[in-house]
Amino acid sequence: MSDSYLSDRSKRIDASGIRKVFALAAELEDPINFSIGQPDFDVPEALKRQAIEAIERGFNRYSQTMGERQLCEAIATDVQKVTTWSDPQVLTTSGVSGALLLAFMAVINPGDEIVTTDPYFVIYKHVINMLGGKCVFVDTYPDFQLPVEAFRQAITERTKMIVINSPSNPTGTVYSAEELQALAEVARSHDLIVMSDEIYEKFSYRPNYASMATYYDKTLLLRGFSKAYAMTGWRLGYAATHPCLKPLIEAMTKIQQYTFVCAPAPLQWGALTALEYDVTELVDQYRTKRDLLYDCLKGDFDLVKPEGAFYAFVPVPGGRDATRFVKEAIANNVLVIPGNVFSERDTHFRISYATSNEKIEQGAEILCRLARQG
Ligand code: PMP
């Protein structure tokens with residue numbers, strides 16, 4: 001049967017390159033898996049207990065579309081720690097992925113332009129394309145800092161929104177307060193919304209993590225529970241705005257009513273406990289992993305030291321094609337993701353170091369050997 005019944009929309013997107021490597025992983029015996037974007041620890045016990053109790057106490061029905069009232073209030077209090085917003089508007093979502101889909105659906109008309117960085121988080125490009133929008137990429141190679149002037153130049157009459165992600169997947173870059181303030185000025189001068197994907201906010205190895213929401217009221221702040229509490233399967237995140245963007249949150253809530261309905265209801269009680277849970281120790285372990293990986297690789301790869309998340313975006317030496325290098329790495333039992341999954345270029349590969357220190361050392365040694373082989 002032909003696939004002529006499929007929508008044009010569905011044909012505009014390609015299967016996730018990460019999933020393809022995931023599938024390859026299933027065929028290898030005990031691979032060194034640097035491909036997955038989730039922590040190697042389990043959900044902390046206290047949060048599991050809270051979710052189990054919620055199920056046992058019968059919180060198994062739909063929640064309000066925007067989420068359980070107590071959770072929304074706790075999220076609003078958290079958002080107020082980084083903003084001066086008197087009454088943050090909150091929508092609890094099915095992961096940050098859910099919030100991204102709702103936000104892009106609420107904002108994009110066909111032909112609208114969204115300005116974001118290259119490299120970018122893979123969902124942005126595909127969802128924007130699926131909705132008939134156009135991604136305008138601002139090249140951030142080789143150091144992945146925010147090139148604010150290039151953002152200014154990328155803005156046209158069709159620009160609807162700027163999208164940033166710090167700490168970044170795939171580069172591990174964390175933007176400074178100065179960079180964010182400069183970008184806020186650009187956005188303000190064009191009266192544009194900035195979507196700030198801060199899902200890795202807890203994983204910042206810089207002393208002072210800066211949020212776009214601190215500097216710009218027209219920020220659509222996206223944060224989530226997947227990464228810091230290792231609950232990627234629970235599907236919980238949120239969107240928050242200043243009251244001036246209330247129409248945006250309302251539009252997203254309306255779309256949620258007809259799509260996701262609500263974020264997983266009993267698990268929202270686990271998320272409520274998560275907001276009070278201290279992850280400093282876990283994050284310190286990840287800083288150590290970052291240092292270990294960087295020290296193992298720096299002799300053979302000219303990589304930028306990542307400052308957040310749990311990724312390194314590493315240039316393939318000698319200008320070799322990244323996809324070819326990644327195939328060689330996989331043939332040697334090390335799973336990494338080619339840069340062209342996250343970029344219009346194919347010069348780098350992404351390592352997720354969310355694995356044991358032993359695996360980091362073993363995997364880095366193999367990658368260094370491949371780099372030296374040329
Ligand atoms: N944004 C970024 C930058 C991510 O890396 C991810 C997960 N890989 C997400 C959003 C979505 O995460 P989730 O849907 O699990 O909250």
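Everything here concerns the structure above.
My aim in this report is to walk through the structure given alongside it, one point at a time. As the structure is a prediction and not an experimental result, all values here were calculated from the model. (Residues numbered from 1 in each chain as written. Predicted model: local features only at pLDDT ≥ 70, side-chain atom pairs only at ≥ 80, totals over all residues. Heavy atoms only, no water.)

### Topic: the overall build of the protein chain
Inference 1: Scanning the protein chain from N- to C-terminus turns up 14 helices and 12 strands.
Inference 2: What you see for the protein chain is a C-alpha radius of gyration of 20 Å, in line with the 21 Å of a compact globule of 374 residues.
Inference 3: Considering only C-alpha atoms, the protein chain reaches an extent of 55 × 55 × 50 Å along its principal axes.
Inference 4: Per-residue burial for the protein chain yields a buried fraction of 56% across its 374 residues.
Inference 5: Split by element, the accessible area of the protein chain, about 16,300 Å² in all, is 49% carbon and sulfur.
Inference 6: Charge separation in the protein chain, taken as the distance between the mean sites of 38 positive and 47 negative side-chain charges, equals 4 Å. (Helix = DSSP H or I, 4+ residues; strand = E, 2+ residues; numbered from the N terminus. Rg over C-alpha atoms; globule rule 2.2 N^0.38 Å. Buried < 20%, exposed > 50% of the residue type's maximum accessible area, 1.4 Å probe, protein only. Areas by Shrake-Rupley, 256 points an atom, 1.4 Å probe, with all protein chains shown as cover. Lys, Arg positive; Asp, Glu negative; His and termini not counted. Charge placed at Lys NZ, Arg CZ, Asp CG, Glu CD.)

### Quick word on the sheet that holds strand β5 (residues 159-165)
Inference 1: Spatially, β2-β8-β7-β6-β5-β3-β4 is the arrangement adopted by the seven strands of the open sheet, whose pairing is mixed. Two strands close off the open sheet at either side, each with one partner strand: β2 (89-93) and β4 (134-139). Strand after strand, the sheet turns through a mean of 20° between neighbouring axes, direction not considered.
Inference 2: Direction of pairing for strand β3 (residues 113-118) relative to β4: parallel, over a ladder of six bridges. (Pairing = 2+ DSSP bridges. Axes fitted to C-alpha atoms, helices over the stretch in contact; angles between N-to-C directions.)

### Overview of the state of the cysteines
Inference 1: Enumeration according to the criterion identifies zero disulfides in this entry.
Inference 2: Unpaired in terms of disulfides, Cys72 finds its nearest cysteine sulfur in Cys262, a separation of 11 Å.
Inference 3: Classification of Cys72 as buried rests on a relative accessible area of 11%.
Inference 4: Cysteine Cys296 shares no disulfide, and the gap to the nearest cysteine sulfur, in Cys368, comes to 7.2 Å.
Inference 5: What makes Cys296 partly exposed here is its relative accessible area of 27%. (Disulfide = S-S within 2.5 Å.)

### Let's talk about the packing of helix α13 (residues 322-331) against helix α14 (residues 357-373)
Inference 1: For the pair α13 and α14, the least separation of the axes is 10 Å and the interaxial angle reads 130°. If you check the angle between α13 and α14, you find them oblique. Here the hand of the crossing between α13 and α14 comes out right-handed. Residues Phe325, Glu328 and Ala329 of α13 form the contact with α14, whose participating residues are Leu367, Leu370 and Ala371.
Inference 2: Across the contact of α13 with α14, the residue classes break down as five nonpolar, no polar and one charged. (Parallel < 35°, antiparallel > 145°, perpendicular 65-115°, else oblique. Left-handed = near helix turned anticlockwise from the far one by under 90°. Contact = heavy atoms within 4.5 Å. Nonpolar A, V, L, I, M, F, W, Y, C, P; charged D, E, K, R; others polar.)

### What about the nonpolar core?
Inference 1: Among the nonpolar cores identified, the biggest contains 104 residues, and Phe104, Leu297, Phe301, Phe349 and Leu367 are the most heavily contacted of them.
Inference 2: In this structure, Leu297 is in contact with Leu303, Val314, Ile351, Ala364, Leu367 and Cys368, ignoring residues within four places of it in sequence.
Inference 3: Counting residues in each nonpolar core, the second largest holds 22 residues, with Val138, Phe151, Ala177 and Val194 among its members. (Core = buried A, V, L, I, M, F, W, Y, C linked by side-chain atoms within 4.5 Å.)

### Some remarks on the packing of aromatic side chains
Inference 1: Taken as a whole and judged by the stated rule, the model has 18 aromatic pairs.
Inference 2: Looking at Lys289, its charged tip hangs above the ring of Tyr286, at a distance of 5.7 Å from the centre.
Inference 3: One cation-aromatic arrangement involves Arg345 over Tyr141; the distance from NZ or CZ to the ring centre is 3.9 Å. (Phe/Tyr/Trp six-rings, centres within 6.5 Å; stacked < 30°, edge-to-face > 60°. Lys NZ or Arg CZ within 6 Å of the ring centre and 35° of its normal.)

### Overview of the site of the ligand
Inference 1: Surveying the vicinity of the ligand reveals the residues Gly95, Val96, Ser97, Phe121, Asn165, Asn169, Asp197, Ile199, Tyr200, Ser226, Lys227 and Arg235.
Inference 2: For the ligand, an oxygen atom lies 2.7 Å from a polar atom in the backbone of Val96.
Inference 3: At 2.8 Å from an oxygen atom of the ligand is found a side-chain nitrogen or oxygen belonging to Asn169.
Inference 4: Among the elements that make up the shell around the ligand, the one with the highest residue count is helix α5 (residues 95-107) (three residues).
Inference 5: When its residues are assigned to classes, the shell around the ligand shows four nonpolar, five polar and three charged. (Near = heavy atom within 4 Å. Polar contact = N/O pair within 3.5 Å; in protein donor to acceptor, adjacent residues only side chain to side chain.)

### A closer look at the pairing of strand β12 (residues 348-352)
Both faces of the sheet carry side chains from a regular strand, because those side chains alternate between them.
Inference 1: Among the five residues that make up β12, five are buried, leaving the element largely enclosed by the rest of the structure.
Inference 2: A two-sided burial pattern is seen for β12, the buried positions comprising His348, Arg350 and Ser352 on one face and Phe349 and Ile351 on the other.
Inference 3: Summarising the sheet, strand β9 (residues 311-315) and β12 pair through five bridges and their orientation is antiparallel. Its bridge partner lying in β12, Val314 is registered against Phe349.

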